[in-house]
Amino acid sequence: MIRYNKINNLLGWLCLLIAFTTYVLTLEPSVSFWDCGEFISCAYRLQVSHQPGYPMFAMLGKLFSLLSFGNATKVPYFTNLGSALASGATIMFLFWTITALAKKLLVTKDQDISSSQMIAIMGAGLVGALAFTYTDTFWFSAVETIVFALSSLCTAVVFWAILKWEAHADEPGADKWIVLIAYIMGLSIGIHLLNLLTIPAIAMVYYFRRYKNPTIKSSIVVFLISIVILGLVQYGIREYTIKIAAYADLFFVNTLGLGFGSGAAFVFLAIIASLVGAIRYSIRHKKAALNLALVCLAFIYFGYGSFMYIPIRATANTNLNNTHPDNAFTLNNYLNRAQYGDNPLLYGPMFDAKVIDQSEGNALYRKGRNRYEMYGKKQNYMFDHNTIMPRMHSTEGDQDFAQNVQFYKQWLNLPDGQSPTFADNMRWMLSWQMYQMYWRYFLWNFVGRYNDIDGQTSTASTDGNWTSGLFDGARHLPKSIINSNTYTPLYALPLVIGLLGMVYHFKKRRGDATVIGLLWFFTGLAIVLYVNQVNLQPRERDYSYVGSFYAFAIWIGLGVLAIHDLLRRRVNARGAALASVATCLLVAPILLARQEWGAHDRSTKMIPHDMAYNFLISCPKNAILFTYGDNDTYSLWYDQEVEGIRPDVRIVCNSLLGMDWYIHQMDKPMNQSAPLPLTMPFEKYRLGTRDVIAYNDAKIPGSVDVKEVFDFITSDDSRTKVQYQSGETMNYLPTKNFKMSINPDEVLKNGVITAQQKDKLTQEMEWKYPGKYIFKDNLAIMDIIAHNNWKRPICFSIGYSPESMGGLQPYLYKEGFVYHLIPFKADTSVQNQLGKVNSLVAYNNVMTKFKFGNFKHARNLDPVAKTEFYPFMETTFHDLAQGLIKDGRNDLALNVLHKFDQEMPDINPNIDSAHRKLQLAQVAYKLNDKELANRYVKGIDDYLTDQLAYNYTLLQNKPEALNPNEVQFQLYVLNGLADTTKNYKETALHQQYQAQLDDYGNKFAALLNRQE
């Protein structure tokens, strides 16, 4: 046994070393896309991230950031390294978990372990742990600063710990493992809630160990009890502790006249005193079970105590301070993700249900100057019909209602006007929520994947779909797939081994297999059912289910034993052990590592960092930069908050600007930027006040000065309000036609334009507001534009939604990665108003300041880089070249094209990108650089003919997978190639492309005729 323990420990640490080395070699050297920029910024400066908060993650991230020793550019490398280390440790605990389970399968208690058994057990651990090391989803999170790496470690530790308890349950002091689990559970709440989902599996391990004769009936009872425990931790401890503290604070502040936080402090002291008293009682009266439960509760609270970080740092008014949760009520909303709304779970309306009545619920409170104020009551809506398990849910008040309904109908082929049935509801759950948003991800990891492009919208398309690779040879896949490092067929071998391990486990030890099954279910499909996702997500959500992939990896390890069991009937035990381990190592971890490495090696790219840099560096001095969210915000936060890049620029995230707390934060200095020029006092836009202002046409002739409109809609005068049928009076928008008088001297003095551009200024800006409602974000932007007086440049990121620009497009000019608001005379003849360029400023930014993130030579380009920022680069360079040509600077325009060619790869991630590349080629022809133009058109043609050949194969063999609109666009671009080469007298190329166009036009004629 000593020898077993030594080998087991050494191989566990070896797994950590292998995994950690893998992740370090493929680590992203700087910030990554999505939430990583926010997480790094919040860790580095101990700030408050988005709901529901990740305080333990932030504090641990701060610890790793200190390894940079003051070099801010190295901070993300070391916080990423923290994820790599946590992921490596997860693999180590997975190894020990698998060997513990494998040992129970092969070795009876007190039996000596033979060499063949040792090989099989250790081999099972190595195969399962190293296979999980190289799985797609887990590897993705292991090389960036994200909560899921640490969350996986928590899952691994608590499940390993319950197996340690199980092995020593009859020994004195064994319950220390239960207490450790409770503490890790509490800590994990400050990282991510996923770890709580291990509670049912842990409870069943406890039950099977303590009760020698388990029955189906008692197992069900214990399972239900475990769900209650999960609910008590999730809601009773995590949620209601804060909710009770909030209402106690309300009483202490509003009734007793004490200060904010006094009631919350009383509740926390009462909890501590109650636990201390109850634990002392259990000790004195020798109530062991009660003592264990109370000690575990205390340790959960110890871990959960990390959330004290949130109000402490919120009170410090950090730059990033999401929701500003400095009091118990706001903290309660913060923890419960109130900002994101609620999804119905067991009963509620489907998307076609209409509101027929409403009632008032609980009072809603906010922090005032000296007391809590009630600003309204929660509205409870009643609908004309409801259903159990409402999966296709969305109501007319939802911001994305129209988009949701359209997708539901499209997915299920529901005709307009037809109400969905319960059967439709279940079809949606099974086909989209379960298959498309879980099983597809599961198969990515253990069967294989076509590419890393988002594939939520279709089960038939190759984009984002799974593939074993076994039958791909007959599918005539395009080169864009098979030559890509994101094409990762696994031939379903890891899946087969895992299924063998699962069957073998259930056959040999049904109780243990049930535990792993529960772990798999609750960290996978149970999340799907609970979250009840609506419509398309901003990104693929596979990372949410990594716990279930972890559980399946256990079965991959036990698959070694299944194969060993088959082989030992034909060969000796040692030979069977060696053969099963060698075979499984080859077809699981080694295959996974070989196939997945290229898709996960981020070590050579700096794209998120440099793209964020380009946004900031494109801004004039002291600019106000409106961003839309996610990838054009989080990385910018990192660049500014950590590296101090352009601290004079005020980043304003539109997706947060609709919140009163965020507008209030914008009214304060930040870094080196002054407060925004907001004139509204907080009382005029605080929560519950002017949340939405509806358009009510007052028939005002002409345009109205935007300051007058703003004053009207923010006035408290009853004459500026309209009364609704409910009896409520509210401000309204009387006109959509706005104007602003321009003082050329003032614009010139503030550096908005150069002296040479003064004659291009308009005397009066006129624009039309496009929407029917003004929300808080629109109101804040209107305030800024009306009262800025051109003292600070106003810019919008190129990722900003045109619908949210308030109709200002005629006065927006590109200066790199931003649109700068400039009052030039509007040119209504320009078809693409967002293609206009302030050419010389943009030229200086793009040519002398831009960074390119090693875009051209990076070994791996992630989907955001390929489908979001590569297009940004294409349009930026194209529009700049066109603007320079318009201004008579062909020489500079040619420099721009050569810069693009020098810094950017010649790739065509999709047909839209190919079309933009054609536009670049057309500019190159116009500037007489035929060598560059011909190279681009040849690359486009290679892409198009490859895609069209594949689509023709689909038309013949699998027409349901064909996208007719895509084919039509591909032929349109091919026609553009033929016309362009004809116009610029490239006769040979024209003839080639025209022949291809005629050929494919004939092949797809029937399809195109059906479309017409």
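All values derive from a computational prediction rather than experimental measurement.

Visitor: Got a minute to help me understand the sheet that holds strand 12 (residues 729-733) in this structure?
Guide: Pairing is mixed in the open sheet, where 4 strands are placed in the order 11-12-9-15. In this open sheet, the two strands that pair with only one neighbour each are strand 11 (721-723) and strand 15 (773-775). Neighbour-to-neighbour, the strand axes of this sheet turn through a mean angle of 45 degrees, independent of strand direction. Where helix 28 (residues 706-713) meets the sheet, its contacts fall on strand 9 (692-695), strand 12 and strand 15, and the angle it forms with strand 12 comes to roughly 165 degrees. Those strands touched by helix 30 (residues 776-787) are strand 9 and strand 15, and its axis lies near 80 degrees from that of strand 15.

Visitor: Help me understand unusual backbone geometry, please; the structure alone is not making it clear to me.
Guide: Excluding glycine, residues mostly carry a negative phi; peptide bonds, for their part, are mostly trans. In this structure, Pro52 follows Gln51 across a cis peptide bond, with omega equal to 5 degrees. Tracing the backbone through its elements, the reader meets Pro52 in the loop between helix 2 (36-44) and helix 3 (55-65). Positive phi, normally seen in glycine, also occurs at Trp34, with a value near 60 degrees. Mapped onto the elements of the fold, Trp34 is located in the loop between helix 1 (2-25) and helix 2. Since its relative accessible area comes to 15%, Trp34 is described here as buried. Positive phi outside glycine occurs at Arg690, with the angle close to 50 degrees. Position of Arg690 among the secondary structure elements: in the loop between helix 27 (660-666) and strand 9.

Visitor: Sorry, what's going on with the nonpolar core here?
Guide: For soluble globular proteins, the rule of thumb is that nonpolar side chains tend to be buried together. The biggest cluster of nonpolar side chains holds 168 residues, and the ones touching the most others in it are Tyr23, Phe132, Phe159, Ile162, Phe442, Ile554 and Leu561. Of all the elements, helix 4 (residues 75-106) adds the most residues to this core, at 16 residues. With residues near it in sequence (within four places) discarded, Ile554 still touches Leu94, Thr97, Ile98, Leu101, Phe159 and Ile516. If you look at the next biggest cluster of nonpolar residues, it comprises 143 residues, including Tyr613, Ala914, Leu971 and Val973.

Visitor: Mind showing me how you'd approach the packing of aromatic side chains here?
Guide: Each aromatic ring pair is summarised here by two numbers: the centre-to-centre distance and the angle between the ring planes. Applying the stated rule across the entire model yields 79 aromatic pairs. Relative to Phe252, the ring of Phe251 has its centre 6.0 Å away and its plane inclined at 75 degrees; by these criteria the two rings are edge-to-face. Overall, Phe251 belongs to the partly exposed group, its relative accessible area being 41%. With relative accessibility at 16%, the residue Phe252 sits in the buried group. A ring pair is formed by Tyr870 and Phe900, whose centres lie 6.2 Å apart and whose planes are at 55 degrees; its orientation type is tilted. Of this pair, Tyr870 sits in helix 32 (residues 863-886) while Phe900 sits in helix 33 (residues 890-903), and the two are 30 residues apart along the sequence. Phe900 matches Tyr870 in its accessibility class, with the two residues each being buried. Pairwise contacts between aromatic rings join Phe33, Phe615, Phe817, Phe850, Phe852, Phe855, Phe869, Tyr870, Phe872, Phe877, Phe900 and Tyr936 into one cluster.

What counts as what
- Residues numbered from 1 in each chain as written.
- Predicted model: local features only at pLDDT ≥ 70, side-chain atom pairs only at ≥ 80, totals over all residues.
- Heavy atoms only, no water.
- Pairing = 2+ DSSP bridges.
- Helix = DSSP H or I, 4+ residues; strand = E, 2+ residues; numbered from the N terminus.
- Axes fitted to C-alpha atoms, helices over the stretch in contact; angles between N-to-C directions.
- Contact = heavy atoms within 4.5 Å.
- Buried < 20%, exposed > 50% of the residue type's maximum accessible area, 1.4 Å probe, protein only.
- Core = buried A, V, L, I, M, F, W, Y, C linked by side-chain atoms within 4.5 Å.
- Phe/Tyr/Trp six-rings, centres within 6.5 Å; stacked < 30°, edge-to-face > 60°.

That's the geometry; what it means functionally is another story.
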